[in-house]
Amino acid sequence: NAGVMQNPRHLVRRRGQEARLRCSPMKGHSHVYWYRQLPEEGLKFMVYLQKENIIDESGMPKERFSAEFPKEGPSILRIQQVVRGDSAAYFCASSPGPREQYFGPGTRLTVT
Amino acid sequence: DQQVKQNSPSLSVQEGRISILNCDYTNSMFDYFLWYKKYPAEGPTFLISISSIKDKNEDGRFTVFLNKSAKHLSLHIVPSQPGDSAVYFCAASEDTDKLIFGTGTRLQVFP
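Chemist: Which residues make up the overall build of chain B, and what values go with them?
Modeler: Scanning chain B from terminus to terminus reveals zero helices and eleven strands. Relative to the compact-globule value of 13 Å for 111 residues, chain B shows a C-alpha radius of gyration of 13 Å, a close match. Buried positions account for 47% of the 111 residues belonging to chain B. Surface accessibility of chain B: about 5,300 Å² in total, with carbon and sulfur atoms responsible for 48%. Taking the average place of the 11 positive charges on the side chains of chain B and the average place of its 12 negative ones, the gap between the two points comes to 5 Å.

In structure tokens:
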């Protein structure tokens, strides 16, 4: 059973461009979470999704950030008009239900 | 407001000895606690968890202790091995929702 997959692993964007981060959960997992880790900090929750539904987006910045988990295909975290402060590692986690979350390897976003 | 705190940013332990990593929390509504290990440039790896109805959970070399009255949990690793060198995060959740992470403790196990 493959683990949580994220791509790309590294993404470089210039200020003002869009970043799209993809997450394929583990097989059988219907819950997806996105977290962000800034340098020298812990992981901060962003959004929790189930298929076609956003369950909790309390950690998402109000502007420029959006997430989806369509019926078919991976979950997408989209950042529009990126700024330098968006540079971070973005981790996706999945779970079959509540409780243990299994993390992907992360996407390291660098905004130049 | 940091609801989950790991006050020791680093810990150095000799191989074979016990490693004790500590974590404090402020939200009494947390009912599930987890420990993750993280290597550089990788995602966190789940280690062990504990429900608030228990005070101890053991899995091989890893044991987690929960003291609800003190709002404190700890991870014991016995015996410590060089491969355990990593950053350890504790995390907590309320109901079935998001995880709230501490800032991590960097463990170094030396020969």
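Chemist: Outline the pattern of salt bridges, listing residues and values.
Modeler: Inspection of the entire model under this criterion finds six salt bridges over all chains. In this structure, the salt-bridge partner of R64 of chain A is D86 of chain A, at a minimum N-O distance of 2.7 Å. On the criterion of sequence distance, the pair formed by R64 of chain A in the loop between β6 (53-56) and β7 (65-68) and D86 of chain A in the loop between β8 (75-79) and β9 (88-95) is long-range, its members being 22 residues apart. Measuring nitrogen to oxygen at the nearest pair gives 2.8 Å for the salt bridge that ties D84 of chain B to R61 of chain B. Of this pair, D84 of chain B sits in the loop between β8 (72-77) and β9 (86-93) while R61 of chain B is found in the loop between β6 (56-59) and β7 (62-67), placing the two residues 23 residues apart along the sequence. Under the relative-accessibility criterion, R61 of chain B is labelled partly exposed at 21%. Within the structure, one salt-bridge network assembled from shared partners comprises E18, R20 and R78 of chain A.

Chemist: Outline the environment of L75 of chain B, supporting the account with residue identities and numerical values.
Modeler: All names here are of chain B. In this structure, L75 sits in strand β8. The exposure class assigned to L75 is buried, which follows from its relative accessible area of 0%. Those residues in contact with L75 that lie beyond four places of it in its chain are S19, I20, L21, W35, L47, I48, F62, T63 and Y88.

Chemist: Describe the interface of chain B and chain A, with residues and values.
Modeler: Tallying the contact residues gives 22 residues for chain B and 22 residues for chain A. Summed over both partners, the interface of chain B with chain A comes to about 1,700 Å²; 55% of that surface belongs to carbon and sulfur atoms. At the boundary of chain B with chain A, the tally comes to one salt bridge. K98 of chain B is paired through a salt bridge with D56 of chain A; the nearest N and O atoms lie 3.2 Å apart. Inspection of the chain B/chain A interface yields seven residue pairs in polar contact (both at pLDDT 80 or more). No other element matches strand β4 (residues 32-38) of chain B, which puts four residues into the side of chain B that touches chain A. Its residues placed into classes, the side of chain B that touches chain A shows nine nonpolar, seven polar and six charged.

Rules and cut-offs
Residues numbered from 1 in each chain as written. Chains lettered and ligands numbered in written order. Predicted model: local features only at pLDDT ≥ 70, side-chain atom pairs only at ≥ 80, totals over all residues. Heavy atoms only, no water. Helix = DSSP H or I, 4+ residues; strand = E, 2+ residues; numbered from the N terminus. Rg over C-alpha atoms; globule rule 2.2 N^0.38 Å. Buried < 20%, exposed > 50% of the residue type's maximum accessible area, 1.4 Å probe, protein only. Areas by Shrake-Rupley, 256 points an atom, 1.4 Å probe, with all protein chains shown as cover. Lys, Arg positive; Asp, Glu negative; His and termini not counted. Charge placed at Lys NZ, Arg CZ, Asp CG, Glu CD. Salt bridge = Lys/Arg side-chain N within 4 Å of Asp/Glu carboxyl O. Contact = heavy atoms within 4.5 Å. Buried area = accessible area lost by both parts, 1.4 Å probe. Polar contact = N/O pair within 3.5 Å; in protein donor to acceptor, adjacent residues only side chain to side chain. Nonpolar A, V, L, I, M, F, W, Y, C, P; charged D, E, K, R; others polar.

Function cannot be inferred from these measures alone, as they are strictly geometric.
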